[in-house]
Amino acid sequence: MPEQAAPLDDAAPPWPPLLAPATRFILHGNAAVRAAATAAWGVPFAEEACRARLLGSRATLWMGPDEYLLLDRAPAEAAGDTASGLERAMAGLDHALVDVSHRQVAVEINGAHAGHILNGGCPLDLDLKEFPVGMCTRTLFAKADIVLWRTAADAFHVEMWRSFGDYVRALLAEVARDC
Amino acid sequence: MLIIVCPFCGKRPEIEFTYGGQAHITRPERPSELDDQAWAEFLYMRSNTKGIHAERWRHARGCGRFFNALRDTTTDHFVATYRIDEPQPQIEQPAEPVPPP
Ligand SMILES: [Zn+2]
């Protein structure tokens with residue numbers, strides 16, 4: 001007879017805490033749009049695929065060939081005001097700027113086992129050579145879409161859609177127990 | 001799990017992708033000038049290739065972009081992937097299925 005599995009909440013570590021509310025935009029636009037947006041946002045845009053640029057609390061994350069996530073992890077002003085500034089800078093250029101600040105929540109996974117914990121739900125090769133510091137991408141964590149961004153050798157910023165927050169955080173805690 | 005090479009993101013796991021049907025099918029310029037037979041050909045008729053097949057894929061859970069792929073339908077081996085603005089790579093149809101590397 002196989003032993004009965006232990007209950008799932010047995011000694012499970014706490015869920016990773018949500019990071020402070022951030023300002024987030026999705027920007028679609030060509031190189032001219034990105035140059036104009038850089039002036040207002042203060043951070044350049046990586047032309048290389050799957051790369052993030054960081055300056056202070058603000059970052060730009062490559063999501064697709066003409067698509068970026070703009071992230072401010074410690075916003076000093078309301079997202080609407082920031083959007084107005086960006087729109088002024090990009091006036092006359094074809095683009096799409098969408099405020100997704102409240103669509104997503106984020107956690108940080110750090111420590112020596114960070115990569116192993118994420119691999120509990122994410123099939124990407126997270127070896128430092130394959131997924132170096134500064135690399136970012138949309139991918140999957142189990143059944144949920146996430147944005148994964150390596151901010152340090154042993155730290156990842158993980159964005160997820162708000163309604164998947166409990167699912168992703170509970171599963172991260174469950175994997176962490178086994179690591 | 002298959003590894004598929006996104007032309008933008010590089011090697012990625014199969015579960016990040018969705019299939020988009022046969023590639024290089026051009027929508028007729030003036031559908032109203034086609035007879036029913038020609039319109040049905042455009043809508044429904046596909047090659048059902050045994051061997052190397054040109055088809056659309058989308059990196060749906062990654063960069064979100066459509067691209068084209070040459071896949072051997074007998075082995076599921078992806079022979080090549082290329083952007084939709086690139087020409088189809090010329091690859092000889094093998095006489096016998098080529099096993100994946
Ligand atoms: Zn991609």
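Remember, predicted model here, so these are calculated numbers, not experimental data. (Residues numbered from 1 in each chain as written. Chains lettered and ligands numbered in written order. Predicted model: local features only at pLDDT ≥ 70, side-chain atom pairs only at ≥ 80, totals over all residues. Heavy atoms only, no water.)

*Asks:* In this structure, what is going on with the overall build of chain A? I would like to understand it.
*Replies:* Along chain A, the regular secondary structure elements total four helices and nine strands. Listed N to C, the secondary structure of chain A is β-α-β-β-β-α-β-β-α-β-β-β-α in terms of helices and strands. In chain A, the share of contacts with a sequence separation of at least 24, taken over all contacts with a separation of at least 6, comes to 61%. Carbon and sulfur atoms provide 57% of the accessible area of chain A, an area that totals close to 8,800 Å². Averaged over its 15 positive side-chain charges, chain A has a centre that lies 3 Å from the centre of its 23 negative ones. (Helix = DSSP H or I, 4+ residues; strand = E, 2+ residues; numbered from the N terminus. Contact = heavy atoms within 4.5 Å. Areas by Shrake-Rupley, 256 points an atom, 1.4 Å probe, with all protein chains shown as cover. Lys, Arg positive; Asp, Glu negative; His and termini not counted. Charge placed at Lys NZ, Arg CZ, Asp CG, Glu CD.)

*Asks:* Even after reading the chapter, I still don't get the interface of chain A and chain B, so can you show me in this structure?
*Replies:* It is common to give the size of an interface as the accessible area that goes away when the parts come together. On the side of chain B, 11 residues touch chain A, which itself brings 17 residues to the contact. Interface area for chain A against chain B, summed over the two sides, is near 1,100 Å², with a carbon-plus-sulfur share of 54%. The tally of links from chain A across to chain B stands at three salt bridges. On the surface where chain A and chain B come into contact, there are seven residue pairs in polar contact (both at pLDDT 80 or more). At the level of elements, β3 (58-64) and β7 (136-141) of chain A are the ones that each hand at least two residues to the side of chain A that touches chain B. If you tally residues by element for the side of chain A that touches chain B, the top one is β7(A), at four residues. Its residues assigned to classes, the side of chain A that touches chain B shows eight nonpolar, four polar and five charged. (Buried area = accessible area lost by both parts, 1.4 Å probe. Salt bridge = Lys/Arg side-chain N within 4 Å of Asp/Glu carboxyl O. Polar contact = N/O pair within 3.5 Å; in protein donor to acceptor, adjacent residues only side chain to side chain. Nonpolar A, V, L, I, M, F, W, Y, C, P; charged D, E, K, R; others polar.)

*Asks:* Would you mind showing me how to read the side chain of A:R58 here?
*Replies:* Looking at where A:R58 falls in the secondary structure, it is placed in strand β3. With residues up to four places along the chain from it excluded, the contact list for A:R58 reads A:A40, A:W41, A:V43, A:R53, A:L71, A:D72, A:E77 and A:T82.

*Asks:* What should I look at first to understand the sheet that holds strand β2 (residues 52-55) of chain A in this one?
*Replies:* Two pairing modes exist for strands in a sheet, parallel and antiparallel, and in both the strands are linked by backbone hydrogen bonds. All names here are of chain A. Read across the open sheet, the five strands follow the order β2-β3-β4-β1-β5; overall the sheet is antiparallel. Sheet topology places β2 and β5 (96-99) at the edges, where each strand pairs with a single neighbour. When strand polarity is set aside, the average angle formed by the axes of neighbouring strands in this sheet is 20°. Here strand β1 (residues 23-28) runs beside strand β4 (residues 67-72); their pairing, made up of six bridges, is antiparallel. (Pairing = 2+ DSSP bridges. Axes fitted to C-alpha atoms, helices over the stretch in contact; angles between N-to-C directions.)

*Asks:* Is there a simple way to think about the coordination of the zinc ion in this case?
*Replies:* Angles between donor atoms at a metal ideally measure 109.5 degrees for a four-coordinate tetrahedral arrangement and either 90 or 180 degrees for a six-coordinate octahedral one. All names here are of chain B. Summarising the metal site, the zinc ion is bound by the protein donors C6 (SG), C9 (SG), H59 (ND1) and C63 (SG), whose distances to it range over 2.0 to 2.4 Å. Every donor counted, the four donor atoms about the zinc ion form angles of 105 to 115° at the centre, which fits tetrahedral coordination. Read from N- to C-terminus, the donor residues coordinating the zinc ion fall into the pattern C-x2-C-x49-H-x3-C. Taken together, the positions of C9 in the loop between β1 (3-6) and β2 (10-13) and H59 in the loop between β4 (52-58) and β5 (66-72) put the pair 50 residues apart, joining distant regions of the chain. (Donors = N, O, S within 2.8 Å, 3.2 Å for Na, K, Ca; no water. Tetrahedral: all angles 85-135°; square planar, octahedral: opposite > 155°, others 65-115°.)

*Asks:* Where do I start with helix α1 (residues 31-41) of chain A in this structure?
*Replies:* Note on helix geometry: an α-helix contains 3.6 residues per turn, so any two residues three or four positions apart are oriented the same way. Residues and elements named next belong to chain A. For α1, the full list of buried residues reads V33, R34, A36, A37 and W41. On an axial view of α1, the arc spanned by its buried residues comes to 165°, and they lie on one face. Exposed side of α1, more than 90 degrees from the buried face: A35 and A39 are the residues found there. The inward-facing, buried residues of α1 contact β1, β3, β4 and α2 (79-89). (Buried < 20%, exposed > 50% of the residue type's maximum accessible area, 1.4 Å probe, protein only. Arc of directions from axis to C-beta.)

*Asks:* Honestly, the sheet that holds strand β9 (residues 155-161) of chain A in this entry has me stumped. Any pointers?
*Replies:* Residue and element names in this part refer to chain A. With antiparallel pairing, four strands are arranged side by side in an open sheet as β6-β9-β8-β7. Each end of this open sheet is capped by a strand with a single partner; those strands are β6 (104-110) and β7. Each adjacent strand pair in this sheet contributes to an overall mean axis angle of 30°, direction not counted. Two elements, strand β8 (residues 144-152) and β9, share six bridges in a ladder whose sense is antiparallel. Within the sheet, the bridge partner assigned to V147 lies in β9 and is E159.

*Asks:* Honestly, the domain arrangement of chain A in this entry has me stumped. Any pointers?
*Replies:* Residues and elements named next belong to chain A. Each domain of chain A was delimited in the assignment, giving domain 1 (23-99) and domain 2 (104-178). Contact between domain 1 and domain 2 buries roughly 1,200 Å² in total, counting both sides, with carbon and sulfur atoms accounting for 60%. Joining domain 1 to domain 2, the criterion identifies two salt bridges. Put simply, R24 and E159 hold a salt bridge, and the shortest N to O gap is 2.6 Å. Along the contact surface separating domain 1 from domain 2 lie five residue pairs in polar contact (both at pLDDT 80 or more). Looking at the side of domain 1 that touches domain 2, the elements that each hand over two or more residues are β2, β3 and β4. Of all the elements, β3 adds the most residues to the side of domain 1 that touches domain 2, at four residues. A per-class count over the side of domain 1 that touches domain 2 returns nine nonpolar, no polar and four charged. (Domains from an automatic or database assignment.)

*Asks:* Would you mind showing me how to read unusual backbone geometry here?
*Replies:* Leave glycine aside and you will find that most residues have negative phi; peptide bonds, for their part, are mostly trans. Residue and element names in this part refer to chain B. Even without a glycine there, the phi angle at H24 is positive, about 65°. By secondary structure assignment, the location of H24 is in the loop between β3 (18-22) and α1 (36-44). The residue N48 is not glycine, and still its phi comes out positive at about 50°.

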